[in-house]
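Summary of structural features
One letter stands for each residue in the lines below.
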Amino acid sequence: MFSSAFAMAVLLSLLATPLVVRFAISHDAYDLPSGGRRVHIHPIPRIGGVAVFAAAVLAVGGGALVADGAPLLNSRLITGILLGGGLLFAAGLVDDLRGLRPLTKLAFQCAAALIAYRYGLGVSEVSLWGGHAVDLGFLALPVTLLWIVGVTNAFNLIDGLDGLATGVALVTLGTTCIVAWSFGHLSVVLVSLALVGALVGFLRYNFNPASIFLGDSGSLFIGFALAVLSVAGAQTPGGVVLAVVPVFALALPLLDTTLAILRRLLRGVPLSQADGRHIHHRLLALGLSHRAAALVMYLFAALLATLGVALAFARPAQVVAIVVAGGFALLLLTLFGIKLLNYHEFLEAGRVVLGSYGRLRRAVRDQIHARDVAQLIRSARSLEEVNQILASSVQVFCFHHMEVCTAGSDYGVPRRESVIASSRAMDPSVWRVEHPIGVRPSGEPLLLRVSCRLGDSFRPYGAERVALALAPTLEEWLTAKQGHLPVILEAQAASGAVPLRSHRLRGHRSLAG
């Protein structure tokens, strides 16, 4: 029964795929190279799912007709898979030929998931490994919907390289067959082997250089089948789903989709926006050929699936060792992979998270010191004294210079009167933040100017933060002293605004060290 279904599926797929290619060419059903996540440079027929679906369904029917195997099969399970899968195949085919809106495709996916649940293909009890089962209760339906829709979309997203999705599906189905056979789920084995045969025959034309793609008709159908079969095959005789089997068997597409979602969240772009930064794109960017990149991902998917099977059937003492060793290896592999594949979104996020404590401490200290400086400014009697206070606090904040000045001056000295001051202001190693704090009676704006040297740690954040903290106090002080500003500013310009005496902040020390 099983060998017949497999052989029939391979033969039918090998015969049907060239016919589908001709049909696609005659009806202009091409996948056009349009950037984004597509890597092919020539139009390729995209309705290969027709050949896969037809071969798999006919092979399942042929296998079920074998007299000695039919009584052992679960017709309810097979019916649920074929109905739900057939619905998504039809929706995908319409999308390939005419196009469907994303929400419409999502509605079809939810409908297929409901069909699967109705025919007993849902997730009601789960266990990470032997024992400790959790009854999902009223959560069974939402978890089933989330799993089927999530896996279907994840598989669709990974279909971006010649033969990649087909090969990953073969790895998942092989894992499912092994586990389902051990639990006696012959119906799952039959459908899985029929689909394996259909994909093996199709891979002959889909591997690089591909002459046909799965299209949505194939990726939606296969994604649904993988989601349902992996769960049904991992059920113990008591109906408990060993969650590690389907999760690890489908770990690669799930990981790729999770990374894509996180990348887009970090970049602030819509989650539905396609990009060229999936794992297979990054492997191509490293210089791997299409075939090499696909083979690397086949191997990675097989390793993860093997780990899932090992966890499912290991003894309790072995499970702990496998979890510790496997978790450590996966952590190292993930960190190495993020750096190797140049996922700088996660590198920058990691730097922000790891440096957040140090920046938080610095921000708190800056705010505390800013309040101390503000207290001193409130008691100042002249603008010269204000600038003395600001100058003496430079070391506390690790700045290069601080002062209150007019918009047309450099370090308190008019440009036309001081070439030296102008050259200091144009120093290429110095950058500055200027915060408006008031206006002279003549209408000339007054600024709080904070200058920093390049390379000072955290200064791009600290200078602005301190300026924002001191500006309200300076505005209040200038409002109170408004009548004296013309005389004070003229005296400041004539003297070069150089502090005459040191104004030390009690209890403060430099933060540079």
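These figures come from a predicted structure and were not determined experimentally.

Describing the overall build of the protein
Along the backbone of the protein there are 19 helices and 10 strands. In the protein, which comprises 513 residues, the share counted as buried stands at 48%. In the protein, the proportion of contacts linking residues at least 24 apart, taken out of those at least 6 apart, comes to 72%. Surface exposure of the protein reaches about 24,500 Å², of which carbon and sulfur atoms provide 65%.

What to know about helix α7 (residues 186–206)
Taking 1.5 Å of rise per residue, 21 residues should cover 30 Å, and α7 covers 29 Å from first to last C-alpha, within 8% of that figure. In terms of burial, α7 is a largely internal element, 18 of the 21 residues being buried.

Notes on the packing of helix α1 (residues 2–26) against α7
Where α1 meets α7, the closest approach of the two axes is 7 Å, and the angle between their N-to-C directions is 30°. On the basis of their axis angle, the class for α1 and α7 is roughly parallel. For the pair α1 and α7, the crossing hand works out as right-handed. Here the contact of α1 with α7 is built from residues that sort into 17 nonpolar, 4 polar and 1 charged.

Description of the packing of aromatic side chains
In total, this model carries 3 aromatic pairs according to the counting rule given. Summarising the aromatic geometry, the rings of Phe53 and Phe221 are spaced 5.0 Å apart at their centres and angled 85° between planes, so their arrangement reads as edge-to-face. Within this pair, whereas Phe53 is found in helix α2 (residues 49–64), its partner Phe221 is found in helix α8 (residues 215–233), the two being separated by 168 residues in sequence. Summarising the burial analysis for this pair, Phe53 and Phe221 share the class buried. Residues Phe397 and Phe399 carry aromatic rings whose centres are separated by 5.5 Å and whose planes lie at 20° to one another, so their mutual orientation is stacked. Look at Phe399 and you get buried, because its relative accessible area is 8%. An aromatic cluster of at least three residues, connected via ring pairs, comprises Phe53, Phe89 and Phe221. Directly above the ring of Tyr205 sits Arg204, whose terminal nitrogen or CZ lies 5.1 Å from the centroid.

Quick notes on the confidence of the model for the protein
For the protein, mean pLDDT is 81; residues scoring 70 or higher make up 82% of the total. Across the protein, the element-wise mean pLDDT spans from 40 in helix α17 (residues 419–425) up to 94 in helix α4 (residues 102–118). Low confidence marks residues 495–513, where pLDDT is under 50. Its contacts with residues over four positions away, or in another chain, come to 35 contacts.

A word on the environment of Cys452
In this fold, Cys452 is placed in strand β10 (residues 445–453). Looking at Cys452, the relative accessible area reads 0%, which means it is buried. Through-space distance from the C-alpha of Cys452 to that of Val430 is 5.5 Å; in sequence the pair is 22 residues apart.

Structural notes on the sheet that holds strand β9 (residues 430–439)
Here we have 3 strands laid out as an open sheet, ordered β6-β10-β9, and antiparallel in their pairing. Here the strands that pair on one side only, and so sit at the sheet edges, are β6 (401–406) and β9. Each adjacent strand pair in this sheet contributes to an overall mean axis angle of 20°, direction not counted. In terms of strand pairing, β9 meets β10 through 9 bridges, oriented antiparallel.

Thoughts on the pairing of β10
Among the 9 residues in β10, 7 count as buried, and that is most of the element. By the bridge criterion, 6 bridges tie β6 to β10 in an arrangement that is antiparallel. Bridged to Cys405 within β10 is Leu447.

Some words on the side chain of Asp96
Counting through the fold element by element, Asp96 comes out in helix α3 (residues 75–97). Summary of buried charges: Asp96 has no salt-bridge partner, and the nearest side chain of opposite charge, Arg46, is 4.6 Å away. Filtering out sequence-adjacent residues up to four positions away, Asp96 remains in contact with Arg46, Ile47, Leu214, Gly215, Asp216 and Ser217.

Considering the packing of α3 against α7
It is at 9 Å that the axes of α3 and α7 come closest, and there the two elements cross at 35°. Handedness of the crossing formed by α3 with α7: right-handed. On α7, the residues touching Leu77, Ile78 and Ile81 of α3 are Ser187, Val188, Leu190 and Val191.

Observations concerning the nonpolar core
Counting residues in each nonpolar core, the largest one holds 95 residues, and the members touching the most others are Val52, Ile148, Phe155, Ile158, Leu195, Ile222 and Ile279. Looking at which element gives the most residues to this core, the answer is α7, with 13 residues. Here Ile279 is in contact with Leu252, Leu255, Asp256, Leu259, Met297, Leu341 and Tyr343, once residues within four sequence places are set aside. Val373, Val404, Leu446 and Ala463 belong to the second-largest nonpolar core, a separate cluster that totals 27 residues.

Details of the pattern of salt bridges
Tallied over the full model, the rule gives 7 salt bridges. Residue Glu403 is joined to Arg449 by a salt bridge in which the shortest nitrogen-to-oxygen separation is 4.0 Å. Placement of Glu403 in strand β6 and of Arg449 in strand β10 is noted, with a sequence separation of 46 residues between them. Comparing Glu403 with Arg449, the two get one shared label, buried. Within the structure, one salt-bridge network assembled from shared partners comprises Glu403, Arg432, Glu434 and Arg449.

Let's talk about the pairing of β6
Extensive coverage of β6 is indicated by the burial of 6 of its 6 residues. The two faces of β6 match: His401, Glu403 and Cys405 on one face and Met402, Val404 and Thr406 on the other face are all buried.

Looking at the sheet that holds strand β5 (residues 240–242)
One open sheet accounts for 3 strands, arranged β4-β3-β5; its pairing is mixed. Here the strands that pair on one side only, and so sit at the sheet edges, are β4 (134–135) and β5.

Points about α3
Spacing of three or four residues puts side chains on the same side of an α-helix, whose turn is 3.6 residues. In this model α3 runs 32 Å from its N-terminal to its C-terminal C-alpha over 23 residues, within 8% of the 33 Å that 1.5 Å per residue would give. Downstream of α3 by a residue or two, Gly99 has a phi angle that is positive, lying close to 100°.

Rules behind the numbers
Residues numbered from 1 in each chain as written. Predicted model: local features only at pLDDT ≥ 70, side-chain atom pairs only at ≥ 80, totals over all residues. Heavy atoms only, no water. Helix = DSSP H or I, 4+ residues; strand = E, 2+ residues; numbered from the N terminus. Buried < 20%, exposed > 50% of the residue type's maximum accessible area, 1.4 Å probe, protein only. Contact = heavy atoms within 4.5 Å. Areas by Shrake-Rupley, 256 points an atom, 1.4 Å probe, with all protein chains shown as cover. Expected span 1.5 Å × (residues − 1). Axes fitted to C-alpha atoms, helices over the stretch in contact; angles between N-to-C directions. Parallel < 35°, antiparallel > 145°, perpendicular 65-115°, else oblique. Left-handed = near helix turned anticlockwise from the far one by under 90°. Nonpolar A, V, L, I, M, F, W, Y, C, P; charged D, E, K, R; others polar. Phe/Tyr/Trp six-rings, centres within 6.5 Å; stacked < 30°, edge-to-face > 60°. Lys NZ or Arg CZ within 6 Å of the ring centre and 35° of its normal. pLDDT = per-residue confidence, 0-100. Pairing = 2+ DSSP bridges. Lys, Arg positive; Asp, Glu negative; His and termini not counted. Salt bridge = Lys/Arg side-chain N within 4 Å of Asp/Glu carboxyl O. Core = buried A, V, L, I, M, F, W, Y, C linked by side-chain atoms within 4.5 Å.

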